[in-house]
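# Overview (structure and organization)
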Amino acid sequence: MTAHILLVEDEAKLARMIELELSYEAYQVSVVHDGLAGLTAARDLQPDLIILDWLLPGLSGLEVCRRLRTTGDKVSIILLTAKDDVSDRVLGLDAGADDYVVKPFSIEELLARVRAHLRRTSETGPDILQFADLRLNRRTREVHRGDRLIELTAKEFDLLDYLLVHPQ
Ligand code: CA
C-alpha cells in the first residue's frame, strides 16, 4: 500500500521541491500551507506521516503537533525548522514530534528519515481494524459499529484491539 504523507510548509518553493521528491519516491502526497489547514488535513486525511514546518502562519507547527497528540493521534510527525537550539529541540519533542530536521537540510536526509518512520509505523500494524460492521481506529481510539460510535473505556478498547488481532 502506498504511504500517504501530509506536508505542511508555507514556503511555496520548498513545499513544491519536497512534494516532487516524495512523489518521485512513489509516496502519495498532500500539501497545505498553514497550521490550521494542517490540523484539519491531518484529521480528515489520516496520513501515515506528517512533515510539519515549525514556523507557519496561523497555528505554529508546534501547536498543531500538541493538538494532534492531545486528541490521541499517534501519527508520525517530523518537525521541520530553522531553529537549531537545544531547548527548541526539547520543546519540539515534548510537543510530541517523533523527529526533528533542521533547515537547511539535504533532501536525502529527509527522505531517509521518512523511510525510517514509515518502516516503524508498518511494524506496529494497521491503524484500522475491522470485523463485520465493527471498525476500530487505533489512531483516534474510536470504535464504530456501522455508523454508530461506541463508547469504550481505555481497557475495553485495548481488549477489543487484542481480540480483533487474535480472533481465535
Ligand atoms: Ca515556515
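Refer to the structure above for everything that follows.
Residues numbered from 1 in each chain as written. Predicted model: local features only at pLDDT ≥ 70, side-chain atom pairs only at ≥ 80, totals over all residues. Heavy atoms only, no water.

### Here's the deal with the coordination of the calcium ion
Binding of the calcium ion to the protein goes through D10 (OD), D53 (OD) and L55 (O), at separations of 2.1 to 2.3 Å. Sequence spacing of the donors to the calcium ion: D-x42-D-x1-L. Here D10, found in the loop between β1 (4–8) and α1 (12–24), pairs with L55, found in the loop between β3 (49–53) and α3 (61–70); they are 45 residues apart in sequence, far enough to count as distant. Relative accessible area serves as the criterion here: at 32%, D10 is assigned to the partly exposed category. (Donors = N, O, S within 2.8 Å, 3.2 Å for Na, K, Ca; no water. Helix = DSSP H or I, 4+ residues; strand = E, 2+ residues; numbered from the N terminus. Buried < 20%, exposed > 50% of the residue type's maximum accessible area, 1.4 Å probe, protein only.)

### Overview of the packing of aromatic side chains
For the structure on display, the rule yields one aromatic pair. Relative to Y100, the ring of W54 has its centre 6.3 Å away and its plane inclined at 75°; by these criteria the two rings are edge-to-face. Taken together, the residues W54 in the loop between β3 and α3 and Y100 in strand β5 (residues 99–102) connect sequence positions 46 residues apart. (Phe/Tyr/Trp six-rings, centres within 6.5 Å; stacked < 30°, edge-to-face > 60°.)

### Notes on the side chain of D53
As for its position among the elements, D53 is in strand β3. Residue classification places D53 among the buried positions, given a relative accessible area of 3%. Here the side chain of D53 touches K103 through a polar contact of 3.1 Å, side chain to side chain. Excluding anything up to four places from it in sequence, D53 contacts V8, E9, D10, G61, L80, T81 and K103. (Polar contact = N/O pair within 3.5 Å; in protein donor to acceptor, adjacent residues only side chain to side chain. Contact = heavy atoms within 4.5 Å.)

### Details of the side chain of T81
Tracing the backbone through its elements, the reader meets T81 in strand β4 (residues 76–81). For T81, a relative accessible area of 1% gives the class buried. Beyond its immediate sequence surroundings of up to four residues, T81 is in contact with D53, W54, Y100, V101, V102 and K103.

### Considerations on the sheet that holds strand β2 (residues 28–32)
Here five strands make up an open sheet; going across it, the order is β2-β1-β3-β4-β5 and the pairing parallel. Looking at strand neighbours, the two that pair on one side only are β2 and β5, the edges of this open sheet. Looking at each pair of strands side by side, their axes are set apart by 20° on average, direction ignored. Where β3 meets β4, five bridges bridge the pair, whose relative direction is parallel. Its bridge partner being in β4, L52 is matched across the sheet by L79. (Pairing = 2+ DSSP bridges. Axes fitted to C-alpha atoms, helices over the stretch in contact; angles between N-to-C directions.)

### So, the packing of helix α2 (residues 35–45) against α3
Two elements in contact, α2 and α3, have axes whose closest approach is 9 Å; the angle formed by their N-to-C orientations is 30°. Relative to α3, the element α2 lies roughly parallel. Both α2 and α3 take part in a crossing whose hand is right-handed. Of α3, the residues touching α2 (which contributes G35, L39, A42 and R43) are V64, R67 and L68. (Parallel < 35°, antiparallel > 145°, perpendicular 65-115°, else oblique. Left-handed = near helix turned anticlockwise from the far one by under 90°.)

### Focus on the nonpolar core
With 21 residues, the main nonpolar core has L6, V8, I50, L52, L68 and I77 as its most contacted residues. Going through the elements one at a time, β1, α2, β3, α3 and β4 are the ones with two or more residues in this core. Looking at this core, the element that brings in the most residues is α3, giving four residues. In this view, I50 contacts L6, V8, A42, L68, V75, S76, I77 and I78; residues no more than four positions away in its chain are not counted. (Core = buried A, V, L, I, M, F, W, Y, C linked by side-chain atoms within 4.5 Å.)

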